[in-house]
Amino acid sequence: MQVIHTLADLRAVLAGSTKTALVPTMGNLHEGHLALLREAALHGFPVVATIFVNRLQFLPHEDFDQYPRTLERDCQLLEGAGCDIVFAPGESELYPEPQTFKVTPPAALGDLLEGEFRPGFFTGVCTVVMKLFQCVQPAVAVFGQKDYQQLMVIKAMARQFALPVEIVGASTVRAGDGLALSSRNGYLSQDERAEATALARALRAIAAALREGARDVAAIEATQKAELDARGWKTDYLTVRRRVDLLPPTPDDLAAKTPLVALAASRLGRTRLIDNLEIEL
Ligand code: PAF
């Protein structure tokens, strides 16, 4: 496995390969990232992982500075998972001048849910992903379904810009107790880690209520949000949406069994966790 830090070296190394599969990450890797690697490897091309903590997608009060930088350990994990190339540029390599050209998703997709609570987040994500696509020029890029809205935004960006890359979503990897794996789980204290499983439980309770025939979506959401918040969570959203456009389902959607997804973002102590669950009615 080659570990590369400059764009010039990356381009030199990639000059001979026809196609690659890309897994963009911010490092601090866990089993969920390794599942993305394995999904990427299935495509039969050399796998490139990028490690870059992207300042553009953090709000000023967020955890950019404390986000763990664990390059050595990440590289060991990547090598073990069969990665071929790691591209880990420094900030001045990827952003040698202020990144004033940006890619902003349409408000209808980018300003709701995560975009409402983290304004500018998806502009930061799209800008860096577009840039990483230019650097690596992959044939395939794999993103986790845990970041459900991010995956939708990137798919839409690739489609609308006719980018020559296939965007692949990989299933969320969960701990034995149901907690979705996330780099931010490392911020949780022992007690918070035990409590954190309540988020996935709330999503499962929403799915169960809908599957059992309840149709007052607002009431179902409110019950689960109140339960979480009573346990000490501070919930940004816990909501049922249509998979196709992340809008709230209408009564007609429910009657037609339109594919739905429950999505949540909630804060436990100083840690903000997100999760989602697709629902079949
Ligand atoms: O999901 C992430 O880790 C990041 O948002 C990504 C896609 C690597 C862009 O910085």
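The paragraphs below set out a description of the structure included in this document. (Residues numbered from 1 in each chain as written. Predicted model: local features only at pLDDT ≥ 70, side-chain atom pairs only at ≥ 80, totals over all residues. Heavy atoms only, no water.)

1. Structural notes on the pairing of strand 2 (residues 21-25)
Quick reminder of the rule: Each residue gets one of three labels from its accessible area relative to the maximum for its type: buried under 20%, exposed over 50%, partly exposed in between, using a 1.4 Å probe on protein chains only. Secondary structure is summarised from DSSP: a helix means a run of H or I of at least four residues, a strand means a run of E of at least two, and numbering begins at the N terminus for each. Whether two strands pair comes down to DSSP finding at least two bridges between them. The path from the first strand over the helix to the second decides the hand: if it runs clockwise while the strands point away from the viewer, the crossover is right-handed.
Of all the 5 residues making up strand 2, 5 are buried; the element is thus mostly covered by neighbouring parts of the structure. Of the two faces of strand 2, the one lined by Ala 21, Val 23 and Thr 25 and the one lined by Leu 22 and Pro 24 are each fully buried. As paired elements, strand 2 and strand 3 (residues 47-51) share 5 bridges and run parallel to each other. Pairing of Val 23 across the sheet is with Ala 49, part of strand 3. Handedness of the crossover joining strand 2 and strand 3 through helix 2 (residues 31-41) is recorded here as right-handed.

2. Observations regarding the pairing of strand 7 (residues 234-242)
With respect to burial, strand 7 is a largely interior element, 8 of its 9 residues being buried. The sheet contact formed by strand 7 and strand 8 (residues 260-268) spans 8 bridges and is antiparallel. The partner of Thr 235 across the bridge, within strand 8, is Ser 266.

3. With respect to the site of the ligand
Cut-off, in case you're wondering: Note on definitions. A residue lies near a molecule or strand when any single heavy atom of the residue is within 4 Å of it. Nitrogen and oxygen atoms within 3.5 Å of one another constitute a polar contact, given that in protein one can donate a hydrogen and the other can accept it, and given that sequence-neighbouring residues count only through two side-chain atoms. Under the grouping applied here, Gly and all other residues not named as nonpolar or charged are polar, the nonpolar ones being Ala, Val, Leu, Ile, Met, Phe, Trp, Tyr, Cys and Pro and the charged ones Asp, Glu, Lys and Arg.
Taken together, Pro 24, Thr 25, Met 26, Asn 54, Gln 57, Val 125, Val 128, Phe 143 and Gln 150 make up the full set of residues adjacent to the ligand. Note that an oxygen atom of the ligand is positioned 2.7 Å from one of the side-chain N or O atoms of Gln 57. The separation between an oxygen atom of the ligand and a polar side-chain atom of Gln 150 is 2.8 Å. Of all the secondary structure elements, the ones that give two or more residues to the shell around the ligand are strand 2 and helix 7 (121-136). Residue composition of the shell around the ligand, grouped by class: 5 nonpolar, 4 polar and no charged.

4. Structural notes on the packing of aromatic side chains
In plain terms, the rule: What counts as a ring pair is set by centres within 6.5 Å for rings of Phe, Tyr and Trp (its six-membered ring), and what kind of pair is set by the plane angle: stacked under 30 degrees, edge-to-face over 60, tilted for all other angles. Throughout this description, the term charge over a ring refers to an Arg CZ or Lys NZ atom that lies within 6 Å of the ring centre and within 35 degrees of the ring normal.
The tally for this structure, following the rule as stated, stands at 6 aromatic pairs. Taking the centre distance of 4.9 Å and the plane angle of 65 degrees together, the rings of Phe 121 and Phe 122 count as edge-to-face. With relative accessibility at 8%, the residue Phe 121 sits in the buried group. An aromatic cluster is present here, built from Phe 58, Phe 64 and Tyr 67 joined pairwise through their rings. Of note, Arg 69 hangs over the ring of Phe 64, and the distance from its end group to the ring centre comes to 4.7 Å.

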